[in-house]
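Residues per chain, in single letters:
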Amino acid sequence: LGLGLGLTHGRTSGGIKDTFLKRCQKFNDLNCQNVWDAFQRAYINRDPCTVTTDAYDPFIEAVSFKSQCNRGLLWSKTKEVAHSFSQKRDCLVTLEDTPLGAILNDLTWCGKQGSDETFTSGCPGYSACDNNTVRSYWKRASAAFADTACGDVSVMLSGSIQTPFDPNSIFASIEVKRLRSPKVRRLNVVLVVEKNAVTNCTNGSLKNLQNVLDAGIGYGCKEVTRDQIDKCSSDPEIACGACW
Ligand code: ZNA
């Protein structure tokens, strides 16, 4: 029994810590051991359904942001296309292109009461409980990212669903509320339309988006095909301003 548990421990916590440190070290200005310690303190020895967004404050502070004037790209239900664009072009930057997002993207983690380990399996699902270890993290990191946005902000939303501006999304419930005029001048919606598109920029949920925007923030919406986005991703000769 002792041997079995010891082995599991070595594999699980060693695995995520290694990944975390490797990703962290790509950002030269970070003290990654301190960053890992601050991260762990948020959820270690806690029930994985009782981790609040505030628990990550020390970690967020340990990893500061550069402000993203005119380059901030938010996304909701468009993770793959948003990252395929932002990873190839410098003109737009998502949370996952910054340390806070890059270090934890696609990882699952949680703690357990009475244990000092980090687990990567057996964690509650993303929507299993409110104060979920992973979702609280993305809420907190998204808030920090939205706070650094300024000038023109872009958001990629999906034209393949009936409600591109989903009130339950982190984009709607957290990020939009933190965009404030006059620091943020304008929000440009890129509505990604593929062959299976079910809606366009006249969508009712997008009216709701305009209505909740802070007064003074301009609004625009463009329907852009996936092909157009891919073409701009792969052709650096096309100026970003001419992509859509
Ligand atoms: N990198 C991430 O994994 C991640 C990033 C997860 C959640 C949020 N974010 C931030 S907030 C990101 O940088 C965007 O700017 C914002 C997107 O959040 P959203 O508006 O809630 O968008 P979404 O597409 O509904 O969810 C975002 C991601 O969360 C998804 O791609 C999944 O990885 C995850 N997710 C959402 N709902 C579930 C889920 N995973 C499992 N089960 C779910 N029900």
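The present account deals with the structure reproduced in this document.

As for the overall build of the protein
Within the protein one finds 9 helices and 5 strands. Reading the protein from its N end, one meets helices and strands in the order α-α-α-β-β-α-α-α-β-α-β-α-β-α. By the compact-globule yardstick of 18 Å for 244 residues, the protein fits well, its C-alpha radius of gyration being 19 Å. The principal-axis extent of the C-alpha atoms belonging to the protein is close to 60 × 35 × 35 Å. A buried classification covers 48% of the 244 residues belonging to the protein. A separation of at least 24 residues holds for 72% of the contacts in the protein among residues at least 6 apart in sequence. If you sum the accessible surface of the protein, you get close to 12200 Å²; carbon and sulfur atoms cover 48% of it. Positive and negative charge centroids in the protein, built from 28 and 26 side chains respectively, lie 1 Å apart.

What to know about helix α9 (residues 226-234)
Of the residues making up α9, those classed as buried are R226, I229, C232 and S233. Buried residues of α9, seen end-on, are gathered within an arc of 130° and therefore sit on one face of the element. Away from its buried face, by an angle of more than 90 degrees, α9 presents the exposed residues D227, K231 and S234. Where the residues of α9 are buried, they touch α4 (79-86), β3 (149-158), β4 (184-193) and β5 (218-225).

Re the environment of S160
Its place among the elements puts S160 in the loop between β3 and α7 (170-175). Looking at S160, its side chain comes within polar contact range of the side chain of N196, at 3.2 Å.

Here is what the cut-offs are and how they apply
- Residues numbered from 1 in each chain as written.
- Predicted model: local features only at pLDDT ≥ 70, side-chain atom pairs only at ≥ 80, totals over all residues.
- Heavy atoms only, no water.
- Helix = DSSP H or I, 4+ residues; strand = E, 2+ residues; numbered from the N terminus.
- Rg over C-alpha atoms; globule rule 2.2 N^0.38 Å.
- Buried < 20%, exposed > 50% of the residue type's maximum accessible area, 1.4 Å probe, protein only.
- Contact = heavy atoms within 4.5 Å.
- Areas by Shrake-Rupley, 256 points an atom, 1.4 Å probe, with all protein chains shown as cover.
- Lys, Arg positive; Asp, Glu negative; His and termini not counted.
- Charge placed at Lys NZ, Arg CZ, Asp CG, Glu CD.
- Arc of directions from axis to C-beta.
- Polar contact = N/O pair within 3.5 Å; in protein donor to acceptor, adjacent residues only side chain to side chain.

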